[in-house]
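Listed here are the chains, written in short residue letters.
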Amino acid sequence: ERVLKRLGVSDITIVDNGLKAVQLCETNKYDCIFMDMQMPVMDGLEACERIMARDPKEKVVFVTAHALSDFKERADAAGAFDFVSKPFNIQKIDSLLKSLETELE
């Protein structure tokens, strides 16, 4: 949240599990959804799959310590737009937000 605010993002919604993310996406439209792979109730991959099944235009970005190529393949298969590995740097997030902005235009 702090990194996004430092980059000028002001409208941020935070949830503590994947099911809540899926439920919020049923009634709200987000420019970008940052999601962790490991969350309680429903993991990020399943949440991403459900969100993408409902709206394939959503932009899900995983923020995860799992930088393995296996995870990237699984994230891609779930419909993720991109992923950022932890620890991440602010330049990577800034670059990602700029690419999302271009996609949304």
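Located above this text is the structure these notes cover.
Basis of the calculations
- Residues numbered from 1 in each chain as written.
- Predicted model: local features only at pLDDT ≥ 70, side-chain atom pairs only at ≥ 80, totals over all residues.
- Heavy atoms only, no water.
- Salt bridge = Lys/Arg side-chain N within 4 Å of Asp/Glu carboxyl O.
- Helix = DSSP H or I, 4+ residues; strand = E, 2+ residues; numbered from the N terminus.
- Buried < 20%, exposed > 50% of the residue type's maximum accessible area, 1.4 Å probe, protein only.
- 1 Å grid on protein atoms, 1.4 Å probe; cavity = no way out; pocket = protein on both sides within 12 Å on 5 of 7 lines; lining within 4 Å.
- Points joined across faces, edges and corners; volume = space filled by probe spheres on them.
- Nonpolar A, V, L, I, M, F, W, Y, C, P; charged D, E, K, R; others polar.
- Contact = heavy atoms within 4.5 Å.
- Polar contact = N/O pair within 3.5 Å; in protein donor to acceptor, adjacent residues only side chain to side chain.
- Phe/Tyr/Trp six-rings, centres within 6.5 Å; stacked < 30°, edge-to-face > 60°.

Q: Would you mind going over the pattern of salt bridges with me for this structure?
A: Two side chains with opposite charge may pair up if their charged atoms get near one another. Per the stated rule, a full pass over the model turns up 9 salt bridges. A salt bridge links Lys-5 to Glu-1; the shortest N-O distance between them is 3.3 Å. For Lys-29, the salt bridge goes to Glu-58, with nearest N and O atoms at 3.6 Å. Taken together, the residues span a long stretch of sequence, with Lys-29 in the loop between α2 (18–27) and β1 (33–35) and Glu-58 in the loop between α3 (44–54) and β2 (60–64) at a distance of 29 residues. Judged by its relative accessible area of 57%, Lys-29 falls in the exposed class.

Q: Looking at this structure, how should I read the layout of surface pockets?
A: In this approach a probe as big as a water molecule rolls over the atoms, and the regions it shows empty are the leftover space. Estimates place the volume of the largest pocket at around 1200 Å³. Counting only elements with at least two residues in the lining of the largest pocket, the list comes to α1 (2–6), α2, β1 and α5 (90–104). Looking at side-chain class alone, the lining of the largest pocket contains 22 nonpolar, 2 polar and 10 charged residues.

Q: What's the story with the environment of Gly-79 in this structure? I'm lost.
A: For Gly-79, the position within the fold is in the loop between α4 (69–78) and β3 (82–85). By relative accessible area, which is 25% here, Gly-79 ends up partly exposed. Separated by 22 residues in the primary sequence, Gly-79 and Lys-57 place their C-alpha atoms 9.4 Å from one another. Apart from the residues within four sequence positions on either side, Gly-79 is in contact with Cys-48 and Met-52.

Q: Which parts of the structure should I look at to understand the side chain of Thr-64?
A: Structurally, Thr-64 is set in strand β2. Sequence-distant contacts of Thr-64, that is, excluding residues within four places in its chain, are made with Asp-36, Met-37, Phe-71, Phe-83, Val-84, Ser-85 and Lys-86.

Q: Help me understand the side chain of Glu-58, please; the structure alone is not making it clear to me.
A: The class of Glu-58 is buried, set by a relative accessible area of 3%. Among the polar contacts made by the side chain of Glu-58, one reaches the side chain of Arg-54 at a distance of 3.2 Å. In this view, Glu-58 contacts Asn-28, Lys-29, Tyr-30, Ile-33, Ile-51 and Met-52; residues no more than four positions away in its chain are not counted.

Q: Any chance you could explain the packing of aromatic side chains here in plain terms?
A: Two descriptors summarise a pair of aromatic rings, namely the distance from one centre to the other and the angle between the planes of the rings. Applying the stated criterion across every chain yields a total of 2 aromatic pairs. Here the aromatic rings of Phe-62 and Phe-71 are separated by 5.4 Å at their centres, their planes lie at 90 degrees, and the arrangement is edge-to-face. When the centroid spacing of 5.7 Å and the interplanar angle of 80 degrees are considered together, the rings of Phe-71 and Phe-83 count as edge-to-face. Here the residue Phe-71 occupies a position in helix α4, and Phe-83 occupies one in strand β3, the gap between them amounting to 12 residues. Exposure remark for Phe-83: the relative accessible area of 13% places this residue in the buried category. By way of ring pairs, the aromatic residues Phe-62, Phe-71 and Phe-83 are connected into one cluster.

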